[in-house]
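Here are the chains, one letter per residue:
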Amino acid sequence: MDLQLPEILLLRMFSFLDAFSLLQVGQVNKYWNKVAENDHLWRDLCLRKWSFSSSRNWCRPLPTWKQFFLSQMRHECRMASAQPGDFVYKEGAGNLGVGTGNGTVVWSSPDQQSSIKFLATLPKLHLAFTVDKEERVKVWDCQHEEAVATLSMPRVSFSMDALLANDSPFLMAVPSLGTDVVAGLRFQVGDSAGDICTLTVPRLERVSAVNALDQSVDLLHCSPDTRWVLAAALHPRILPRVFLAECLLRPGMHRAPLSVSLPVPGCCAACWALKRANRVTLMFRRASFKKTGFTTFDITAERMGDEVVIQAHQVASFMLPVHMESPVWMGVGDGNGIVVDSGPQLLLFSIDGLLLQRFQDHQLSICHLWVGSLYVLTTSMDNYLCLYMWEDKGRHPSLKSCCHLEHRRDDHTPSCYVSRAICDKASVVCVVSKNLDSSILVMYSLNVCYGI
């Protein structure tokens, strides 16, 4: 009779394998196959590969994590090899809507008198948040027609995003030039006085206000795990600060919120790493904006006696060559690479400044860059959108150029305004602006017959 290792030892050994190797060991015999099918092994593989920002909020999306892993990989392979003809093209009408991966609209708002400038969503809670040109923030329950709450803002909002943590909604938005907002059944707004205000969701009632900066809060970004909030001002002498989010949501009566200053004057953009929640990269300007550089920090909270101290550890820093056209957009993937635009080129650097890849798929300058954990999108006034995919190759991150999609088919009028885009595993959505007063929502969805 053959001796068999205890299941707990095999599980420990299999936990070091990648997906391909785990599938291989499952072919050895029935006992190994049973162990290799363990749901915890495949769940860990999913979390390692896609780095869900808050794993405790992820229930099993399919009967098993193995099925989810294999399904997700099939979607990625389809998207990576897709050509423009493999996408179903649709244009959306109206101000705001929610659709499925095949481009079907399942909910839409009534027509709004003022056009929508910024949008954030929490799909799991059927919530959407908008800011219009009249500086009104609205909360939408995407199962009903009318907005559930409206709040007029004193300043124009600049950006907005939404997160879900600890089963509570978090919204990120920016008044006065711009600020991301965070809330747990609450939502935070940075104002022109340098305060970060916390508001309840969905009623948008003010809970608290914490002074973050001596200038207006122009950038406000929450980390993927919702633990950290970065606030920065577009001012050459104001240093960015990172706050412990819990202190902003529940500020003490007589204590300043826990935070740390980052020694990066002239900060003009910032991104948290999508796969390393405590790592943040800042883009800064020097010498009258003629020099651009990047600095990366790891943020930690350490207990010293009875106190918790927030520390920022500089990981890397570099300056771009002076002759290079200064980027407007930046993004960070796994925390080891930085994606930037430079005119019509898309560049990928290591955080130490090593140029890893250069793409020139656009004829005109890139006007928008979106970086996700799976894909990177660029749009340009040349009427094209380019899709790239992250690849795991060696010690440095790398991108693969996948396909180029027209902004609007049969309309070759040059774009004069920024077109923005986002995507998921099977579709791309792009807001195309041909003039100042109107925009078109363009949806590209992979044909359901493609790849079968």
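Keep in mind the model is a prediction, meaning the values are calculated, not measured.

**Student:** Mind showing me how you'd approach the packing of helix α4 (residues 39–50) against helix α5 (residues 65–81) here?
**Tutor:** When two helices pack together, their arrangement is captured by the angle between the axes and the distance separating the axes. Their axes nearest at 7 Å, the elements α4 and α5 cross at an angle of 35°. On α5, the residues touching Asp39, Trp42, Arg43, Leu45, Cys46, Lys49 and Trp50 of α4 are Trp65, Lys66, Phe68, Phe69, Gln72, Met73 and Glu76. Of the residues assigned to the contact of α4 with α5, the class counts are eight nonpolar, one polar and five charged.

**Student:** Would you explain the pairing of strand β13 (residues 219–222) in this entry?
**Tutor:** Regular strands show a simple pattern: their side chains alternate between the two faces of the sheet. Of the pairings in the sheet, the one linking β13 to strand β14 (residues 228–232) comprises four bridges and is antiparallel in character. When the bridges of β14 are listed, Leu220 appears paired with Ala231. The hairpin formed by β13 and β14 contains five residues between the paired strands, and Thr226 there has a positive phi angle of roughly 65°.

**Student:** Can you walk me through the environment of Asp39 in this structure?
**Tutor:** On the secondary structure map, Asp39 appears in helix α4. Taking C-alpha positions, Asp39 is 9.8 Å from Gln67, a pair spaced 28 residues apart along the chain.

**Student:** Would you explain the pairing of strand β27 (residues 384–391) in this entry?
**Tutor:** Judged by how many residues are buried, β27 sits mostly within the fold: six of eight residues are covered. With five bridges joining them, strand β26 (residues 375–380) and β27 adopt antiparallel strand pairing. Across the sheet, Tyr375 pairs through a bridge with Met389, a residue of β27. The hairpin turn running from β26 into β27, its antiparallel successor, is three residues long, and Asn383 in that turn takes a positive phi close to 75°.

**Student:** Just to check I follow, could you spell out the sheet that holds strand β24 (residues 355–359) for this structure?
**Tutor:** The strands making up a sheet are joined through hydrogen bonds of the backbone, oriented either antiparallel or parallel. Strands sit in the order β21-β22-β23-β24 across an open sheet of four strands; the sheet is antiparallel. The open sheet has two edge strands with one neighbour each: β21 (330–332) and β24. Across the sheet, the axes of successive neighbouring strands diverge by a mean angle of 20°, strand direction being ignored. Relative to strand β22 (residues 337–342), β21 runs antiparallel, the two being bridged by three bridges. By the bridge assignment, Gly331 is partnered in β22 with Val339.

**Student:** Help me understand the pattern of salt bridges in this model?
**Tutor:** The full count for this structure, using the stated rule, is three salt bridges. In this structure, Glu37 engages Lys66 in a salt bridge whose closest nitrogen and oxygen atoms are separated by 2.6 Å. Here Glu37, found in the loop between α3 (30–36) and α4, pairs with Lys66, found in helix α5; they are 29 residues apart in sequence, far enough to count as distant. Note on Glu37: relative accessible area 34%, which makes it partly exposed. As a salt-bridge pair, Arg279 and Asp298 come within 2.7 Å of each other at their nearest N and O atoms. Of the two residues, Arg279 is situated in strand β18 (residues 279–286) and Asp298 in strand β19 (residues 291–304); the sequence distance between them amounts to 19 residues.

**Student:** How should unusual backbone geometry be read in this particular structure?
**Tutor:** Trans peptide bonds make up most of the peptide bonds, and negative phi angles are found at most residues other than glycine. A positive phi angle, near 65°, is found at Thr226, a position not held by glycine. Classification of Thr226 by relative accessible area gives buried; the value is 9%. Even without being glycine, Asn383 reaches a positive phi, approximately 75°.

**Student:** Would you take a moment to explain the confidence of the model for the chain for this structure?
**Tutor:** In low-pLDDT segments, the atomic positions of the prediction should not be examined closely. With 74% of its residues at a pLDDT of 70 or more, the chain has an overall mean of 79. Averaged over each element, pLDDT in the chain is lowest for strand β9 (residues 168–175) (50) and highest for strand β23 (residues 345–350) (96). Segment residues 172–185 is flagged for pLDDT under 50; beyond a separation of four residues in sequence, or across chains, it makes 90 contacts in the model.

Each value, and the rule that gives it
- Residues numbered from 1 in each chain as written.
- Predicted model: local features only at pLDDT ≥ 70, side-chain atom pairs only at ≥ 80, totals over all residues.
- Heavy atoms only, no water.
- Axes fitted to C-alpha atoms, helices over the stretch in contact; angles between N-to-C directions.
- Helix = DSSP H or I, 4+ residues; strand = E, 2+ residues; numbered from the N terminus.
- Contact = heavy atoms within 4.5 Å.
- Nonpolar A, V, L, I, M, F, W, Y, C, P; charged D, E, K, R; others polar.
- Pairing = 2+ DSSP bridges.
- Buried < 20%, exposed > 50% of the residue type's maximum accessible area, 1.4 Å probe, protein only.
- Salt bridge = Lys/Arg side-chain N within 4 Å of Asp/Glu carboxyl O.
- pLDDT = per-residue confidence, 0-100.

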